[in-house]
Amino acid sequence: MNIKVQACGIILLIVILAFYLHQKKIKLNTEQAFLRMFLFIAASLTLDIISMVVLRYIHLFSELFVDIICKAYISSLVAVAFNGLRYTCADIYMNQKSYRMWTTIYGILTGVGILLIYILPIQKNIDDPQNAYTEGPSVLVTYAFCMLYILIILFLLFRHKKDMNPRRREAIFGWITLWLGAAGIPFFNNRLLLVGYAGAISIMIIYLYLENPETNLDRQTGLFNSSAFLGYMRQIFGSEEDAALIDIRIMTPIISNDTEEDQRIWIEISAYFSDIPNCLAFKGMEGELILITESDSRQDVLELVEDRFDMGWGANQALMITPDIIVMPSVRIVNQPEDILPCLQYAKMNSIEVAETGTVILNEDITSQMYEEHLVEQLITDAISGDWVQVYYQPIFSTRERKFVSAEALSRIVDSEGKVIPPGMFIDVAEKNGMILKLGELVFKKVCQFISQNDLKALGIRYIEVNLSTVQGAYEFLADSFIEIMEWYHIDPAMINLEITETGSIGSRKILLNNMRKLIDYG
């Protein structure tokens, strides 16, 4: 009897468990599934050792007791395979109903397999007491069910590869490879029983590669990070639950010019947030602090946060900080969990209330506005890539000369269905997100192309007026870009008159003036 390998596996699991239990966790479905898998592998390893001892001293025990112990061990292998499948499903089926349905089906199937193992006979090969092992119908059923679950897991890995965390997919595939390799060894050398130890190694790989709770923590503050936030929100959306968010944004550096003092303040704030009852505290990608609580508790939590900031921070609470606070009463006002952080940022950038009071309640009106802007952004992107941008020319009549002397270029988007989209629906959005640069350049190209293809002077048209947003004017290389386009189409610069519109805000007056001066010098 040689239980050194199994004993090493047990020691390895104890070390992993010691690290795992003392670390801060967020209670994700995948964490719970991993812990169940861990416990079943530990139980399987323990039963492996017990069964080896029983087989070694088989003369001391009744045949029924030996059969029960040996079948308990091989049944645990089926249970391990089932929990590996359950762990896979926890990442694939974010919808709790689907997850419960499939795990229930597989659980019933597991029960059938274990029942068959206990009904069918098992044979004990004790020709060499030091290397005794089991075989027979019960063992074959064990192999059959384990192989069935492995095939199902492989099918799910490939079927849902786009839905899964790629690191989890790789970790599960590594576990399967190790397990299959260990299970196949006894066919060539029945003295090497490594299935239990392979399970322990697999758990170590999954832990280090994916399930180490430290990967969900922000190193600076000890709060849960943005990756953990998204995982938790996906779990909320997959269930019938709801939650409220409180987003706290603090300007950095925090008043103090001392970096070390700032770090101490961050730790103090983070520690306070971590201790708020019935809340989970996260640090977002842009440094914002986010509290998740029950919808009914959000007002109480908000008052706690506001009161604490009123007290001050640091030594003698001398440092006063006024954060911007955004409250999302229900996460259900967005369509999907991936929209939550962009929605909070949108509220911060677009809500007047933040600027005036420091606090905004994020409601459905704000989210609807964000989604509408996203649709317009997609429309602009499609229009630029699909050449849906059309330029119409409105003639300008001179009352003094009593004739048409120029024309104004008017940009419109004509979508795939032939619907004309007026500029009032897309110009503001284009200026806000910077797409006005590409859009304006495309319109300018079309105007230059129109001038090059038509003898406008013969028609009495002296120039074409092109509207220029102040956002475009603040772009450092605008003049160079326009000059390059005019030279490409061999356009007399006097044929174009740029009119700066009043929309937008001037980001840099100096850049705008430099661009205008360069274009004026060009003609």
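Everything numeric in this text was worked out from a predicted model, so none of it was measured.

### Digging into the overall build of the protein
Helix and strand counts for the protein come out as 18 helices and 12 strands. Across the 523 residues that make up the protein, the buried fraction comes to 47%. Within the protein, counting contacts between residues at least 6 apart in sequence, those at least 24 apart form 72% of the total. As displayed, the protein has an accessible area near 27100 Å², and 58% of this comes from carbon and sulfur atoms.

### Thoughts on the sheet that holds strand S3 (residues 244–249)
Backbone hydrogen bonds hold the strands of a sheet together, and the pairing may be parallel or antiparallel. Strand order in the open sheet made by the five strands is S4-S5-S3-S6-S7, with mixed pairing throughout. A strand with exactly one partner marks an edge of an open sheet, and here the two such strands are strand S4 (280–283) and strand S7 (359–361). Taking the axes of each pair of neighbouring strands and ignoring which way they run, one obtains an average angle of 15° across the sheet. Note: S3 against strand S6 (residues 324–328), five bridges, orientation antiparallel. For Arg249, the partnering residue across the bridge sits in S6 and is Asp324.

### Considering the environment of Gly440
Secondary-structure assignment places Gly440 in helix H15 (residues 436–453). For Gly440, a relative accessible area of 13% corresponds to the buried category. In the structure, Gly440 is positioned 26 residues away from Val466 in sequence and 9.5 Å away in space, judged by C-alpha atoms.

### What to know about the packing of helix H3 (residues 63–92) against helix H4 (residues 96–119)
Helix packing for two helices is described by the angle between their axes and how far apart those axes are. One way to put it is that H3 packs onto H4 with a least axis distance of 10 Å and a crossing angle of 165°. In terms of their interaxial angle, H3 and H4 are classed as roughly antiparallel. At the point where H3 passes H4, the crossing takes the right-handed sense. Each of Ile68, Lys71, Ala72, Ile74, Ser75, Val78, Phe82, Leu85, Arg86, Cys89 and Ala90 in H3 lies in contact with H4, whose residues at this interface are Tyr99, Thr103, Tyr106, Gly107, Thr110, Ile114, Ile117, Tyr118 and Ile119.

### Some details on a negative patch on the surface
A contiguous patch of negative charge, built from Asp300, Glu303, Asp307 and Asp310, is present on the exposed surface. Looking at the element boundaries, Asp310 is found in helix H10 (residues 298–311). The class of Asp310 is exposed, set by a relative accessible area of 58%.

### What about helix H1 (residues 4–22)?
Here H1 contains 19 residues, and its C-alpha end-to-end distance of 28 Å stays within 8% of the 27 Å for a straight helix at 1.5 Å per residue. In this structure, the buried side of H1 is in contact with helix H2 (29–56) and helix H7 (195–211).

### Here's the deal with empty space enclosed by the protein
Using the criterion set out here, one finds one cavity of 30 Å³ or more in the structure. There is about 30 Å³ of room inside the largest cavity. If you go around the largest cavity, the residues you meet are Ile41, Ser44, Leu77, Val80, Trp179, Val195, Gly196 and Gly199. Residue assignment for the lining of the largest cavity shows that the elements contributing at least two residues are H2, H3 and H7. In terms of residues, the lining of the largest cavity owes the most to one element, H7, which gives three residues.

### Description of H3
Spanning 30 residues, H3 covers 44 Å between terminal C-alpha atoms, matching the ideal 44 Å at 1.5 Å per step. For H3, the buried fraction is high: 25 of the 30 residues fall into the buried class.

### Considering the pairing of strand S5 (residues 289–293)
Most of S5 sits inside the fold, with five of its five residues counted as buried. The alternating pattern of S5 places Leu289, Leu291 and Thr293 and Ile290 and Ile292 on opposite faces, both of which are buried. Bridging between S3 and S5 involves five bridges; their strand directions are antiparallel. Considered in S5, the bridge of Ile246 is made with Leu291. As paired strands, S4 and S5 are joined by four bridges and run antiparallel to one another. Following the sheet pairing, Leu280 is matched in S5 by Ile292. Connecting the antiparallel pair S4 and S5 is a turn made up of five residues, with Gly287 showing a positive phi of about 90°.

Definitions and cut-offs
Residues numbered from 1 in each chain as written. Predicted model: local features only at pLDDT ≥ 70, side-chain atom pairs only at ≥ 80, totals over all residues. Heavy atoms only, no water. Helix = DSSP H or I, 4+ residues; strand = E, 2+ residues; numbered from the N terminus. Buried < 20%, exposed > 50% of the residue type's maximum accessible area, 1.4 Å probe, protein only. Contact = heavy atoms within 4.5 Å. Areas by Shrake-Rupley, 256 points an atom, 1.4 Å probe, with all protein chains shown as cover. Pairing = 2+ DSSP bridges. Axes fitted to C-alpha atoms, helices over the stretch in contact; angles between N-to-C directions. Parallel < 35°, antiparallel > 145°, perpendicular 65-115°, else oblique. Left-handed = near helix turned anticlockwise from the far one by under 90°. Patch = residues over 30% accessible without salt bridge, like charges linked within 9 Å, V, L, I, M, F, W, Y side chains within 5 Å. Salt bridge = Lys/Arg side-chain N within 4 Å of Asp/Glu carboxyl O. Lys, Arg positive; Asp, Glu negative; His and termini not counted. Charge placed at Lys NZ, Arg CZ, Asp CG, Glu CD. Expected span 1.5 Å × (residues − 1). 1 Å grid on protein atoms, 1.4 Å probe; cavity = no way out; pocket = protein on both sides within 12 Å on 5 of 7 lines; lining within 4 Å. Points joined across faces, edges and corners; volume = space filled by probe spheres on them.

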